[in-house]
Amino acid sequence: MHRRYLSSSSSILSHFNSLNKLQSSPSHHLGHSRTLTTADTTPDHSYADIPKPPKSKSERKPYPTPMKILVQRAKQEKEARKAQPCKLLEDPPDNGLLVPELVSVAHQVYQARESILLGLSKLFNVIPVLRCRHCFEVHIGQIGHEIRTCSGPKSGLRNATHVWRKGRVHDVIYFPKCFHLYDRVGKPRVIHNESRSFKQLPAIVELCIQAGLNLENYPTKRRTRPVYSIEGRIVDFEDTQVDSSLDLSLNSDMQPKGDLGICDLNTREVSSMVLDSWFEMISGAKKMMERYKVHTCGYCPEVQVGPKGHKVRMCKASKHQSRNGMHAWQEATVFDLVGPNYVWHVADVAAGGPLCNDLKRFYGKAPAVVEMCVQAGARVPDEYRSMMRLDVVPPCRDELDLVT
């Protein structure tokens, strides 16, 4: 063999031998001062970064469940229907029955929502809320920030600067509405011509109703026997009855926390009460969404609680012409039911100056409810400490050139 190839092959063998030595001993010394150590790849679940807006309006929301798993699940359901065309559905809530352990959770979530709205109405008189006149940006504080993120009409003429006005309670937290279903199993879908005959209510309230909450203005059908599935179609052989084994009425002893004397509480106590209700509502909604299906449009904020999304042609988002105004339904998350409305965190309220646009990479964010409660005196929750960037000290405006 040629001498040049022998030298190249020997160099390759020596290179592989050195790699094997490194793999067998991760702490092998490289020189006199550097050592090769294995890094800890365990994720920190307490870390939460600032939510990033979509790159473009035509970008679809990410799927909570990967598409590959959804396709496999659909194939398994199709094979099960072929193997057994007619079967009695056993698992609630797909069979029309309630999940007993989630009835109390539905009541707690409904009462927590009422407590949040009641507490925010009192904090609104103490903590100022500002909203942009041209977009949905909200700021908590006396003076609006100077961060140029406005995307409203003619924002280019203003260099994307916000024009602030006084906000309302519903600017702090947003509950999107959906259609109320009287029979979520027998008639799970609203067609376009029936949209005027169905009531609308906040989606999180509709989720509580389907999970076991009874409200007088929104009647719903309760079953005592499970339904049948014949070739994928739901068939019900019983009349409308009420399951008397479960107490679905709103208990008078479980009133919203604010009704127990919110006028006697100071601002700090009210803010702590609202913050506790916020986490109670979010955690309870997540538990119910594990069993009760909730759908959202992949391109717009529309939400529908039920086994299927509605067929009302009202989508005006990207590519709606190709869908004839129909929504592109997909699995929803808890923040599709509760709009957190992230705002910039003001670390030093007493300073009084507005947030600078050049220093925005040093600022953190938080849901408007959390920011409002923190400014009112509540303790900063551990879940949002990293998102609010409390460990970052922003420089002064004249020190910006000195920061790398």
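The coordinates are above.
The following refers to the structure shown. Residue positions are counted from 1 within each chain, in the order its sequence is given. Only residues with pLDDT of at least 70 are given local features in this predicted model, and only at 80 or more are side-chain atom pairs given and counted; all residues enter the totals for whole chains, interfaces and linings. Each side-chain value is derived from all of the structure's non-hydrogen atoms; neither hydrogens nor water enter the calculation.

### Focus on the nonpolar core
Here's step 1: Ranked by internal contacts, the top residues of the largest apolar core, which has 64 residues, are Ile173, Trp278 and Met281.
Here's step 2: Only DSSP runs of H or I covering at least 4 residues are called helices, and only runs of E covering at least 2 are called strands; the numbering of each starts at the N terminus. Elements supplying a minimum of two residues to this core: α3 (103-123), β5 (138-140), α4 (169-172), α5 (203-211), α6 (267-289), β12 (303-305), α7 (334-337) and α8 (368-375).
Here's step 3: When residues in this core are grouped by element, the largest group, 10 residues, is from α6.
Here's step 4: Residue contacts follow a heavy-atom distance rule, with two residues in contact if any of their heavy atoms lie within 4.5 Å. When sequence neighbours within four positions are dropped, the list of residues in contact with methionine 281 reads Val109, Ala112, Arg113, Ile116, Ile173, Phe175, Ile204 and Val338.
Here's step 5: Nonpolar cores were defined as sets of buried Ala, Val, Leu, Ile, Met, Phe, Trp, Tyr and Cys residues, with membership established by side-chain atoms within 4.5 Å. The classification of residues rests on relative accessible area computed with a 1.4 Å probe and restricted to protein chains. Under 20% of the type maximum is buried, over 50% is exposed, and intermediate values are partly exposed. Listed in part, the 8 residues of the second largest apolar core include Ile147, Trp344, Phe362 and Tyr363.

### Focus: the side chain of glutamine 210
Here's step 1: With respect to the element layout, glutamine 210 can be found in helix α5.
Here's step 2: On the accessibility criterion, glutamine 210 (4% relative accessible area) is buried.
Here's step 3: Counted as a polar contact is a pair of N or O atoms within 3.5 Å, where, for protein atoms, one must be capable of donating a hydrogen and the other of accepting one, and residues adjacent in sequence contribute only when both atoms are in side chains. In terms of polar contacts, glutamine 210 uses its side chain to reach the side chain of glutamate 206, at 2.8 Å.
Here's step 4: A distance of 3.1 Å separates a polar side-chain atom of glutamine 210 from the backbone oxygen of valine 305.
Here's step 5: The residues touching glutamine 210, leaving out its near neighbours within four places in the chain, are Leu98, Leu181, Arg184, Arg222, Tyr292, Val305 and Gly306.

### Some points on a negative patch on the surface
Here's step 1: Patches here: salt-bridge-free residues with over 30% relative accessible area, like charges joined within 9 Å, nonpolar side chains (Val, Leu, Ile, Met, Phe, Trp, Tyr) joined within 5 Å. Only the protein chains shown count as cover for residues, and the accessible areas themselves come from Shrake-Rupley with a 1.4 Å probe. Here, a salt bridge means any Lys or Arg side-chain nitrogen found within 4 Å of an Asp or Glu carboxyl oxygen. The charge count treats Lys and Arg as positive and Asp and Glu as negative. His and the chain ends do not count. Charged side chains are reduced to one point each, which is NZ for Lys, CZ for Arg, CG for Asp and CD for Glu. Negative charge collects at one region of the surface, where Glu77, Glu90, Asp91 and Asp94 lie side by side.
Here's step 2: Here glutamate 77 is to be found in helix α2 (residues 67-83).

### A few points about the sheet that holds strand β10 (residues 233-235)
Here's step 1: Pairing between strands requires that DSSP locate at least two bridges from one strand to the other. Taken together, the 3 strands give an open sheet; going across it, the order is β3-β9-β10, and neighbouring strands pair in antiparallel fashion. With one partner strand each, in any of the chains shown, β3 (86-88) and β10 form the two edges of the open sheet. With direction set aside, neighbouring strand axes in the sheet form an average angle of 30°.
Here's step 2: Bridge count between strand β9 (residues 228-230) and β10: 3 bridges; the pairing is antiparallel. Bridge pairing in β10 links tyrosine 228 to valine 235. Only the stretch in contact is used when fitting a helix axis, every axis being a line fitted to C-alpha atoms; angles between N-to-C directions are given from 0 to 180 degrees.

### Overview of the state of the cysteines
Here's step 1: We call a pair of cysteine sulfur atoms a disulfide whenever their separation is within 2.5 Å. Counted by the stated rule, this structure contains 0 disulfides.
Here's step 2: Cysteine 132 provides the cysteine sulfur closest to cysteine 135, a residue in no disulfide bond, and the two sulfurs are 3.6 Å apart.
Here's step 3: Residue cysteine 135 is classed as buried on the basis of its relative accessible area of 10%.

### Brief notes about the packing of aromatic side chains
Here's step 1: Pairing of aromatic side chains requires ring centres within 6.5 Å, counting the rings of Phe and Tyr and the six-membered ring of Trp. Pairs whose planes differ by under 30 degrees are stacked, by over 60 edge-to-face, and all others tilted. Enumeration according to the criterion identifies 1 aromatic pair in this entry.
Here's step 2: Note on phenylalanine 279 and tyrosine 384: the rings are 6.1 Å apart at their centroids and 40° apart in plane angle, and the pair reads as tilted. Of this pair, phenylalanine 279 sits in helix α6 while tyrosine 384 sits in the segment after α8, and the two are 105 residues apart along the sequence.
Here's step 3: The ring of phenylalanine 175 carries the charged tip of arginine 113 above its face, separated from the ring centre by 4.7 Å.
Here's step 4: One residue, lysine 365, lies across the ring of tryptophan 344, its end atom 4.6 Å from the ring centre. The criterion for a charge sitting over a ring is simple: Lys NZ or Arg CZ within 6 Å of the ring centre, and within 35 degrees of the ring normal.

### A word on a nonpolar patch on the surface
Here's step 1: Among the surface-exposed residues, Leu88, Tyr228, Ile230 and Phe237 lie close enough to one another that they form a single nonpolar patch of about 370 Å² accessible area.
Here's step 2: In this structure, phenylalanine 237 sits in the loop between β10 and α6.
Here's step 3: Under the relative-accessibility criterion, phenylalanine 237 is labelled exposed at 62%.

### Some details on α5
Here's step 1: Taken across its 9 residues, α5 has 9 buried, putting it largely inside the fold.
Here's step 2: Considered for burial, the residues of α5 that qualify are Ala203, Ile204, Val205, Glu206, Leu207, Cys208, Ile209, Gln210 and Ala211.
Here's step 3: Directly beyond the C-terminal end of α5, a positive phi value near 135° is found at glycine 212.

### Section: the packing of α3 against α6
Here's step 1: Look at α3 against α6: their axes get within 8 Å of each other, and the N-to-C directions meet at 150°. The orientation of α3 with respect to α6, classified from their angle, is roughly antiparallel. When the axes of α3 and α6 are compared, the crossing they make is left-handed. Residues Val105, Ala106, Gln108, Val109, Ala112, Arg113, Ser115, Ile116, Gly119, Leu120, Lys122 and Leu123 of α3 form the contact with α6, whose participating residues are Thr267, Val270, Ser271, Met273, Val274, Ser277, Trp278, Glu280, Met281, Gly284, Ala285 and Met288.
Here's step 2: Residue polarity follows a fixed list, in which Ala, Val, Leu, Ile, Met, Phe, Trp, Tyr, Cys and Pro are nonpolar, Asp, Glu, Lys and Arg are charged, and the others, Gly among them, are polar. Looking at the contact of α3 with α6 residue by residue, the classes come out as 14 nonpolar, 7 polar and 3 charged. Every angle not falling under 35 degrees, over 145, or within 65 to 115 is termed oblique; those three ranges are roughly parallel, roughly antiparallel and roughly perpendicular. Crossing handedness is defined as follows: a turn of the near helix away from the far one that is anticlockwise and smaller than a right angle gives a left-handed crossing, while the clockwise case is right-handed.

### Focus: the pattern of salt bridges
Here's step 1: Per the stated rule, a full pass over the model turns up 8 salt bridges.
Here's step 2: Measuring nitrogen to oxygen at the nearest pair gives 3.0 Å for the salt bridge that ties glutamate 114 to arginine 113.
Here's step 3: Each of Asp183, Lys221 and Arg223 takes part in salt bridges that share partners, so that together they form one network.

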